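Chain by chain, the residues run as shown.
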Amino acid sequence: MSRILVTGAGGFVGAAVADLAARQQHQVTALVRNPSSPRVLALPSRCSIAVADLANPVAVSAALEEARPDVIIHSAWEGVGGPTRAGDIQLDNIRTTVGLLDAAIAAGASRFIGIGSQAEYGRHDRRIDERAATEPFLLYGAAKLSAYHLTRQRAADAGIGFAWLRLFSPYGPGDNPDWLIPSVAAQILGGQAPRTSLGTQKWDYLHITDCAQGILAAALTDSAQGVFNLSSGHARTVRSIVERIRDLACPGLPLTFGDIPFGPSQIMHLEGDCSRLTAATGWSPRIAIEDGLGTVVDALRQAA
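My aim in this report is to walk through the structure given alongside it, one point at a time. (Residues numbered from 1 in each chain as written. Predicted model: local features only at pLDDT ≥ 70, side-chain atom pairs only at ≥ 80, totals over all residues. Heavy atoms only, no water.)

What about the packing of aromatic side chains?
Here's step 1: This model, assessed by the stated rule, comprises 6 aromatic pairs.
Here's step 2: For the ring pair Phe 112 and Phe 162, a centre distance of 6.4 Å and an interplane angle of 0° mean the geometry is stacked. Placement of the pair is Phe 112 in strand β5 (residues 111–117) and Phe 162 in strand β7 (residues 161–167), with a sequence separation of 50 residues.
Here's step 3: Phe 162 sits in the buried class, given a relative accessible area of 5%.
Here's step 4: With a centroid separation of 6.4 Å and 20° between ring planes, the pair formed by Phe 162 and Trp 164 is classed as stacked. Of the two residues, Phe 162 and Trp 164, neither departs from the other in class, the shared state being buried.
Here's step 5: Taken together, the ring pairs connect Phe 112, Tyr 148, Phe 162 and Trp 164 into an aromatic cluster.
Here's step 6: Across from the ring centre of Tyr 140, 4.3 Å away, lies the NZ or CZ of Arg 85, which sits over that ring.
Here's step 7: The ring of Tyr 148 has Arg 166 lying over it, and the distance from NZ or CZ to the ring centre is 5.1 Å. (Phe/Tyr/Trp six-rings, centres within 6.5 Å; stacked < 30°, edge-to-face > 60°. Helix = DSSP H or I, 4+ residues; strand = E, 2+ residues; numbered from the N terminus. Buried < 20%, exposed > 50% of the residue type's maximum accessible area, 1.4 Å probe, protein only. Lys NZ or Arg CZ within 6 Å of the ring centre and 35° of its normal.)

Points about the nonpolar core
Here's step 1: In terms of nonpolar packing, the biggest core is built from 38 residues, with Val 13, Ile 73, Leu 165, Cys 211, Ile 215 and Leu 230 touching the most fellow members.
Here's step 2: Elements supplying a minimum of two residues to this core: β1 (3–7), α1 (12–23), β2 (27–32), β4 (71–74), β5, β7, α7 (208–219) and β11 (226–230).
Here's step 3: When neighbours within four sequence positions are excluded, Ile 215 is seen to be in contact with Val 13, Val 17, Ile 73, Ile 115, Leu 165 and Leu 230.
Here's step 4: Core analysis: the second largest hydrophobic core is formed by 31 residues, Ala 52, Val 60, Ala 67 and Trp 164 among them. (Core = buried A, V, L, I, M, F, W, Y, C linked by side-chain atoms within 4.5 Å. Contact = heavy atoms within 4.5 Å.)

Concerning the sheet that holds strand β6 (residues 126–128)
Here's step 1: Read from one edge of the open sheet, 4 strands run β6-β13-β9-β12, paired in mixed fashion. The sheet is open, and its two edges are formed by β6 and β12 (236–237), each paired on a single side. (Pairing = 2+ DSSP bridges.)

Points about the pattern of salt bridges
A side chain with one charge can pair with a side chain of the opposite charge if their charged atoms come near.
Here's step 1: The full count for this structure, using the stated rule, is 15 salt bridges.
Here's step 2: A salt bridge links Arg 68 to Glu 65; its shortest N-O distance comes to 2.5 Å.
Here's step 3: Residue Arg 68 is classed as partly exposed on the basis of its relative accessible area of 37%.
Here's step 4: Here Asp 125 makes a salt bridge to Arg 123, at a shortest N to O gap of 2.6 Å. (Salt bridge = Lys/Arg side-chain N within 4 Å of Asp/Glu carboxyl O.)

Regarding the layout of surface pockets
Here's step 1: There is about 210 Å³ of room inside the second largest pocket.
Here's step 2: Around the second largest pocket, the lining residues are Phe 12, Ala 15, Ala 16, Asp 19, Arg 23, Pro 38, Arg 39, Ala 42, Leu 43, Pro 173, Gly 174 and Ile 208.
Here's step 3: For the lining of the second largest pocket, the secondary-structure elements that each account for two or more residues are α1 and α2 (38–41).
Here's step 4: Of the residues forming the lining of the second largest pocket, the biggest block, 5 residues, is contributed by α1. (1 Å grid on protein atoms, 1.4 Å probe; cavity = no way out; pocket = protein on both sides within 12 Å on 5 of 7 lines; lining within 4 Å. Points joined across faces, edges and corners; volume = space filled by probe spheres on them.)

Structural notes on the pairing of β1
If a strand is regular, its side chains alternate between the two faces of the sheet.
Here's step 1: Judged by how many residues are buried, β1 sits mostly within the fold: 4 of 5 residues are covered.
Here's step 2: For the segment spanning β1, α1 and β2, crossover handedness is right-handed.
Here's step 3: Bridge analysis of β1 against β4 gives 4 bridges, and the strand direction is parallel. Residue pairing for β4: Leu 5 is matched across the bridge by Ile 72. (Right-handed = clockwise from strand over helix to strand, strands pointing away.)

Looking at the pairing of β11
Here's step 1: For β11, the buried fraction is high: 5 of the 5 residues fall into the buried class.
Here's step 2: Bridging between β7 and β11 involves 5 bridges; their strand directions are parallel. Each bridged residue has a counterpart across the sheet, and for Leu 167 the counterpart in β11 is Leu 230.

Points about helix α10 (residues 289–303)
Here's step 1: Taking 1.5 Å of rise per residue, 15 residues should cover 21 Å, and α10 covers 21 Å from first to last C-alpha, within 8% of that figure.
Here's step 2: For α10, the full list of buried residues reads Ile 289, Gly 292, Leu 293, Gly 294, Val 296 and Val 297.
Here's step 3: Contacts from the buried residues of α10 go to β8 (170–171), α6 (180–189), β10 (206–207), β12 and α8 (238–249). (Expected span 1.5 Å × (residues − 1).)

Here's what the structure looks like:
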């Protein structure tokens, strides 16, 4: 079993990874700012909780010196939604990511896994693999890409293992309620038809269970080196997703599409080829979106 430290364990993805790693009997340390957040409190009792702000290098170094992890999984990132995606907090994310890697190297870690983003690619409107040009049009994507290049080089110089996973649209129970799938599901469960675009854009959604398993597979496969897409490998139209949610949550509810116009930078086809990660680790996504949407609807029903 490995000693694994997960940052961002108070977030949707980080919490899922920490939970899975602990349930697989790894020695897990969750590095968090707020140990009282609901996701942290829900982690298995065998998880160790270390409290530190990544902006405080002294506290981070102390936490890593105590945990002595073999593997760092870096999921924490500020400003993933709304106006902050274009704000200067993204510059701080670059600094804290590099600082975390430096502290990991000093603490003797042998492997660093960074959670990147589909936003690093920018707009391609097609199925893309890791050879696609990286042309982000938001500071969020540019900061993720910058953090990738800097940590990749630093890890290489230090001689430790390194993988960077470009994540495509995770979803599932416990997701941020403002994102498309949980927002639409909550409205439809309430008997309200959501306002949407035409829904003709095709999007690649990855269930959080598959997401956590993919991250852990990369973390525990020493030969998995470099950049990988972490995606379902299949795109569905937003319209078909909304219709599937309607069929699960409130069959027969009339839907209309096109109330919200597409923005000027709308990506119409975002789909990640995940075959490189499959070849490197043996992982592959298992949950079809038709089934995964059911887990979202069921969880919201139970919480109501």
